[in-house]
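# Residue-level structure breakdown
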There are 2 protein chains.
Amino acid sequence: MKTPPGVDPEVFESALSQWRETIGEQWVFTGDADLDLYRDAYTPFRNEETEIVVAAALAPETAEQVQQIMRVANRHKIPIYPISTGRNLAYGGSAPVLSGSVVLDLKRLNRILEVNERNAYVLLEPGVSYFDLYRHLRDNGYKLWIDCPDPGWGSLIGNSLEHGAGYTVAPHRDHFDSHCGMEIVLPDGSLIYTGGYPPSVSRTWNVHKWGVGPYLEGLFTQSNFGIVTRMGIWLMPEPEAYRSFTFELRDEQYFPAVIDALRRLALDGVIDCAVHMLNDVCMLTILSQYPREGSSGETCLSEGMLAALRRRYMIPPWSFAAALYGTSAQIRVNRRLIRRALGPYGRMMFFSDQSIAGLQWGLRLLKNVKSLPPLRSIADSILRGAVGASVEVLETARPMHAYFKGNPGEYFGRYAYFKSDTARPDRDLDPARDGCGVMWLAPVAPCTGKDVTQVLDIGRPLFQKFGFDFWAALLLDSPRSMIILFSIFYRKTDAGEAARSRALYEALAAATLRAGYPQYRTSIAYMDRLWQDVPDYQNLLEKIKTALDPAHVIAPGRYGIGSSGSTTREPWTATIPSE
Amino acid sequence: MKTPPGVDPEVFESALSQWRETIGEQWVFTGDADLDLYRDAYTPFRNEETEIVVAAALAPETAEQVQQIMRVANRHKIPIYPISTGRNLAYGGSAPVLSGSVVLDLKRLNRILEVNERNAYVLLEPGVSYFDLYRHLRDNGYKLWIDCPDPGWGSLIGNSLEHGAGYTVAPHRDHFDSHCGMEIVLPDGSLIYTGGYPPSVSRTWNVHKWGVGPYLEGLFTQSNFGIVTRMGIWLMPEPEAYRSFTFELRDEQYFPAVIDALRRLALDGVIDCAVHMLNDVCMLTILSQYPREGSSGETCLSEGMLAALRRRYMIPPWSFAAALYGTSAQIRVNRRLIRRALGPYGRMMFFSDQSIAGLQWGLRLLKNVKSLPPLRSIADSILRGAVGASVEVLETARPMHAYFKGNPGEYFGRYAYFKSDTARPDRDLDPARDGCGVMWLAPVAPCTGKDVTQVLDIGRPLFQKFGFDFWAALLLDSPRSMIILFSIFYRKTDAGEAARSRALYEALAAATLRAGYPQYRTSIAYMDRLWQDVPDYQNLLEKIKTALDPAHVIAPGRYGIGSSGSTTREPWTATIPSE
């Protein structure tokens, strides 16, 4: 049996039996097969020898049980690593930062406690996924829309605590901004409600954000100061009308102008949703896997190959998707403003529920035609000539339209398979099972053409230098800031490619921070580097940690707070290019 | 000379001379006349004997000086009470919570360090007032609108840290929500930047709210954990068009329906501003002072007198003001939706810059006519018959229109004079100088007709019981919550009335909390009662306080955090009505 670092095996055995008493024998896991679930399946920073070890896993059913678990953990100084549903795709999966931790798996706290249609919020527990909530609202006929990230398998609370982002309008699109009210188990096992007063006293816990006194909720995000066991989340009332739209940039030279135009539209409230903007490689990874046949051993596409694929699928340099909500008249007015601002730079297509259904029908028809070889090229050229788009790109419209109205899916998770040796399944995606190698690194920049271009100009040559396809997606985080999501896909079965992907990650992280663009969240692989240049800030975090969690029992090392002990991670190997 | 509690006079003298060296002799105040400025001029909780004493006041010019001051304070355990511009009208003025504190007056940190028109924000220091910023933007031709509370004499940073509210659209109308990025001097004198990285490293400090790692900014609001010396504040780009509007409720019976309609309009984003809704007494206090002549010693208006005044000024049971921003087409569409939703319940008037100017001109003309006695009644009846409004009510349109476009003023501060013995001046309002007695108490409720009505139903009989006019203003805090602002005006020269006003405050605070409606901010008089029923929460706050400020040097007792020592306040005397 594994034991947590510095914990006597007998002491650990005694803690385990106390936990068994609290939550039941069957919810305390120590077997290898069970514990194998708690790992970071996507990372190149670990291999079989350096894999993070989990000493045990606990799956309580109630907040009271979480309290009792924490009291035992405190008594014996056993590190506990809470996860909600444990997805955290490409940022660390369900693996703890400190090897030997006990995972606290909150999947059984999966109750939707209240749906308040009048004030448009839900109160729920960490085990509730976007899929769960979506089905619950749909099946009960609530006129409320959720805002989901993709894929929709993750926890709403987990995503909010990580400052995740979605698709719809402010404040919903920002999953920290759209929450209101937390119930928190503190490291000592006490239970508090943010805002100061418990819901038995206060009727405003889930409707008024700041409470009275200091606003503490931010403290419990991207950190390890407590365990959130309930959260209120604001939802969007179903609008009278809804239109999604896509924009295809005509020419790369207009890119900065389009970013500046987007900012102005967002500042003026014309576009209020989280615009998603994809570069050519990003779009390609949605449409297909890496074409190994023609690649003769290279690990990234040559310029010629990329150009050919762009032509084949008719992929523009950048495409973006967004949506409008409200009454038909409101949408009409805003559509006109958007056309005026963006029209000169590319092509726009607007979609209603009806036109998406029609498109879907047409695409199915075309596919049937295409399966008859003689008609294939005719159908193709009709489509390409008349609509100016490929079947494959047009097929992305339906899932995009669904995401922007809060229907969770897993369509865009397809890109995780880009470098996988496994063929991408059409449904039941499981990148962990299927050996997908993927890392995300997401700096933030002021939303200006100049800043966003600069971040991309830092990224592009690094991807090239280390032999990877330059994948970038932009996310309009607020009218004033843009998240630049870099995805690094690597072949997990290729040790050399894995090593180069690590080097790229490190170089990218260092170069973007040096240029002034910190990450908006980060991977467990990077956490111990977060504060290396800001000792006063780290000191502040450590003081808070020590005050709330003197034995450092909750998630030591998470977001660089509290020592993560000696990690067995593969060493940082970055050769950061000098300027 | 006064000395802080528990501090040896010699030690204090030594601290003073160190401070003199740091910031210059002339910025260390110990004389009675100077220190007399730092008090709560409006409160009935203090009288001449129990007045809070200030041992000294320091007015540094830079954050570095603040750091040095804190190091000395820490060494000698001297309580420091930071204020920005020290207004905090009706919540405590510039008085410290702990008598004998040294006030740290940040008025000389009054620099506007950056105006970023592209990303629509400013970076400034705590001594900058709304008036200062407004003038700076106007004089330099920036196309940015600010969001001000009223009166506009206060500090933007101070108001944000107290979670103050304004008039325009989200997020600007919520002064905590609209800030981004803080520079903070910690109790030990170290200086940190929220988000983790200093602006010399990060280009996103003032554009991306959450930074990376835990979001700490909430911690430094309504608290005493640090001293904010710089803050980024997001501004609204000047919209293409702007319309303010007023609504007069036809009949009290429609009140809950109107609140529910407002919530739906706000949830749907049709109304995005901070709607201000005033009851009859509130409107009356704007229009006139308490009519002592006819009152034969009563301290509140009889039903008959109030009815007569309502008729005389044509005051509806409730009136509200709001505004629309955007292009003319956007405003037209939203105006139609608002008319459809609210039209059945009362009368609406929309104002453009042009129509406000025209109204202003007309009112001046009418006033001239009115000064000719024979024409007076004719003019009056024309106005009342044709427009259905009094000159006095119509005169409030211009300042209202100005507030909703972010022009700070002091017009609505007029009501502070309601019970003052001093005649209300037309300009240069100074309620502190003019002996105005006023207390604010502001519970929050879910934004539903039922909840808001319930809070009012709690308040009305208490005002009556203690002999005060029932003054209530509602502030649409978010689509899901409403601030109910109760003002208690009392005659400072009447000891009996002052005692009754205290009793009303206490009864109101207790009864609203008991019904589930906590305050959104509070007065220094109430702070030691905040956490009396939530020991675990208080314990959490104390742990953070002790970790960051072990000697409790910053503002002990503020928001009930850290002992405020033995106060000399008049004892709580509430006779809380039993149910």
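What you are looking at is a predicted structure, and each value in this text was computed from that prediction instead of being measured.

Criteria and cut-off values
Residues numbered from 1 in each chain as written. Chains lettered and ligands numbered in written order. Predicted model: local features only at pLDDT ≥ 70, side-chain atom pairs only at ≥ 80, totals over all residues. Heavy atoms only, no water. Helix = DSSP H or I, 4+ residues; strand = E, 2+ residues; numbered from the N terminus. Rg over C-alpha atoms; globule rule 2.2 N^0.38 Å. Buried < 20%, exposed > 50% of the residue type's maximum accessible area, 1.4 Å probe, protein only. Contact = heavy atoms within 4.5 Å. Areas by Shrake-Rupley, 256 points an atom, 1.4 Å probe, with all protein chains shown as cover. Lys, Arg positive; Asp, Glu negative; His and termini not counted. Charge placed at Lys NZ, Arg CZ, Asp CG, Glu CD. Pairing = 2+ DSSP bridges. Axes fitted to C-alpha atoms, helices over the stretch in contact; angles between N-to-C directions. Expected span 1.5 Å × (residues − 1). Arc of directions from axis to C-beta. Phe/Tyr/Trp six-rings, centres within 6.5 Å; stacked < 30°, edge-to-face > 60°. Salt bridge = Lys/Arg side-chain N within 4 Å of Asp/Glu carboxyl O. Polar contact = N/O pair within 3.5 Å; in protein donor to acceptor, adjacent residues only side chain to side chain. Core = buried A, V, L, I, M, F, W, Y, C linked by side-chain atoms within 4.5 Å. Patch = residues over 30% accessible without salt bridge, like charges linked within 9 Å, V, L, I, M, F, W, Y side chains within 5 Å. pLDDT = per-residue confidence, 0-100. Least-squares fit on C-alpha atoms with pLDDT ≥ 70 in both. Left-handed = near helix turned anticlockwise from the far one by under 90°. Nonpolar A, V, L, I, M, F, W, Y, C, P; charged D, E, K, R; others polar.

Glancing now at the overall build of chain A. For chain A, the count of helices and strands is 16 helices and 19 strands. Its C-alpha atoms give chain A a radius of gyration of 24 Å, within 12% of the compact-globule value 25 Å for 579 residues. The dimensions of chain A, computed from C-alpha atoms along their principal axes, are 75 × 55 × 45 Å. Across the 579 residues in chain A, those meeting the buried criterion constitute 65%. A separation threshold of at least 6 residues defines the contact pool for chain A, and within that pool the share at least 24 residues apart is 73%. Entry remark: accessible area of chain A is about 20,500 Å², with carbon and sulfur atoms responsible for 50%. When the 60 positive and 64 negative side-chain charges of chain A are each reduced to one mean point, those points stand 7 Å apart.

Here we come to the sheet that holds strand β10 (residues 227-234) of chain B. The strands that make up a sheet are held in pairs by hydrogen bonds between backbone atoms, and each pair lies either parallel or antiparallel. Residue and element names in this part refer to chain B. A sheet is described by the order of its strands in space; here five strands give the open sequence β5-β6-β10-β8-β9, paired in antiparallel fashion. Each edge of the sheet is formed by a strand with only one pairing partner; in this case those strands are β5 (112-116) and β9 (191-193). With strand direction ignored, the average angle separating the axes of adjacent strands in the sheet is 15°. Relative to β10, strand β8 (residues 179-185) runs antiparallel, the two sharing five bridges. By the bridge assignment, Val185 is partnered in β10 with Ile227. In the packing of helix α3 (residues 63-76) onto the sheet, contacts are made with β8, β9 and β10, and the angle to β8 comes to roughly 45°. Of the strands in this sheet, β5 and β6 (121-124) are in contact with helix α4 (residues 130-139), which crosses β5 at around 50°.

Our next topic: helix α1 (residues 9-23) of chain A. Residues and elements named next belong to chain A. In a regular helix each residue adds 1.5 Å, so 15 residues correspond to 21 Å; α1 covers 21 Å between its end C-alpha atoms and thus fits that length. Of all the residues in α1, the buried ones are Phe12, Ala15, Leu16, Trp19, Thr22 and Ile23. The buried residues of α1 occupy one face: seen down the axis, they fall within an arc of 120°. Away from its buried face, by an angle of more than 90 degrees, α1 presents the exposed residues Glu10 and Glu21.

Residues and elements named next belong to chain A. Tallied over the full model, the rule gives 58 aromatic pairs over all chains. Measuring from centroid to centroid gives 4.9 Å for Phe247 and Phe320, while their planes differ by 25°, and the two rings are stacked. Residue Phe247 is located in strand β12 (residues 241-249), and its partner Phe320 is located in strand β14 (residues 318-326); the two are separated by 73 residues in the primary sequence. Exposure class is identical for Phe247 and Phe320. Each is buried.

Our next topic: the interface of chain B and chain A. Contacts between the two partners involve 82 residues from chain B, matched on the other side by 82 residues from chain A. Applying the counting rule to chain B against chain A returns four salt bridges. When the shortest N-O distance is used, the salt bridge between B:Arg203 and A:Asp451 registers 2.7 Å. Taken together, the connections running from chain B to chain A amount to 30 residue pairs in polar contact (both at pLDDT 80 or more).

The next subject is the nonpolar core. Core analysis: the biggest nonpolar cluster contains 425 residues, and A:Trp19 and B:Trp19 have the highest contact counts within it. Residues within four places of B:Trp19 in sequence aside, it is in contact with B:Phe12, B:Gly24, B:Val28, B:Leu58, B:Ile69, B:Val72, B:Ala73, B:Ile78, B:Ile80 and B:Val102.

Right, let's get into the pattern of salt bridges. By the definition in use, this model includes 48 salt bridges over all chains. A:Asp132 is the partner of A:Arg135 in a salt bridge, and the nearest nitrogen-oxygen pair spans 3.6 Å. Taken together, the positions of A:Arg135 and A:Asp132, both in helix α4 (residues 130-139) and three residues apart, correspond to about one turn of that helix. According to the relative accessible area criterion, A:Arg135 is partly exposed, its value standing at 40%. The closest approach of N and O atoms between B:Arg491 and B:Asp421, which form a salt bridge, is 2.8 Å.

Here we take up a positive patch on the surface. A surface patch of positive charge is lined by A:Arg332, A:Arg336, A:Arg340, B:Arg332, B:Arg336 and B:Arg340. For the positive patch, the secondary structure elements donating two or more residues are α9 (328-342) of chain A together with α9 (328-342) of chain B. Relative to the assigned elements, A:Arg340 resides in helix α9. On the accessibility criterion, A:Arg340 (60% relative accessible area) is exposed.

What follows concerns the confidence of the model for chain A. All names here are of chain A. Summary statistics for chain A give a mean pLDDT of 92 and a share of 96% for residues scoring 70 or more. Within the model, pLDDT remains below 50 along residues 574-579, and this stretch shows twelve contacts once partners closer than five positions in the same chain are excluded. Reported confidences for the modelled complex are a pTM of 0.95 and an ipTM of 0.95.

Next up on the list: α3(B). All names here are of chain B. Taking 1.5 Å of rise per residue, 14 residues should cover 20 Å, and α3 covers 20 Å from first to last C-alpha, within 8% of that figure. Listing the buried residues of α3 in full gives Ala63, Gln65, Val66, Gln67, Ile69, Met70, Val72 and Ala73. Phi turns positive one or two residues past the end of α3, at Lys77, with a value near 55°.

Laying chain B over chain A is done by rotating through 180° and shifting 0.0 Å along the axis; what remains is an RMSD of 0.0 Å. In the structure described here, the two chain copies are related by an operation that fits a two-fold rotation axis.

Residues and elements named next belong to chain B. Its place among the elements puts Glu49 in the loop between α2 (32-35) and β2 (54-58). Under the relative-accessibility criterion, Glu49 is labelled exposed at 70%. Sequence spacing of Glu49 and Val275 is 226 residues, and the spatial spacing of their C-alpha atoms is 41 Å.

As a further point, take the environment of B:Ala386. All names here are of chain B. Position of Ala386 relative to the elements: it lies in helix α11 (residues 373-386). For Ala386, a relative accessible area of 65% corresponds to the exposed category. Sequence spacing of Ala386 and Trp440 is 54 residues, and the spatial spacing of their C-alpha atoms is 37 Å.

All names here are of chain A. Close contact between helix α7 (residues 280-287) and helix α8 (residues 303-313) brings their axes to 11 Å; oriented N to C, the two are set at 65°. The handedness of the crossing between α7 and α8 is left-handed. Taken together, the residues of α8 that come into contact with α7 (itself represented by Asp280, Val281, Leu284 and Leu287) are Leu306, Leu309, Arg310 and Tyr313. The residue inventory of the contact of α7 with α8, partitioned by class, reads six nonpolar, no polar and two charged.

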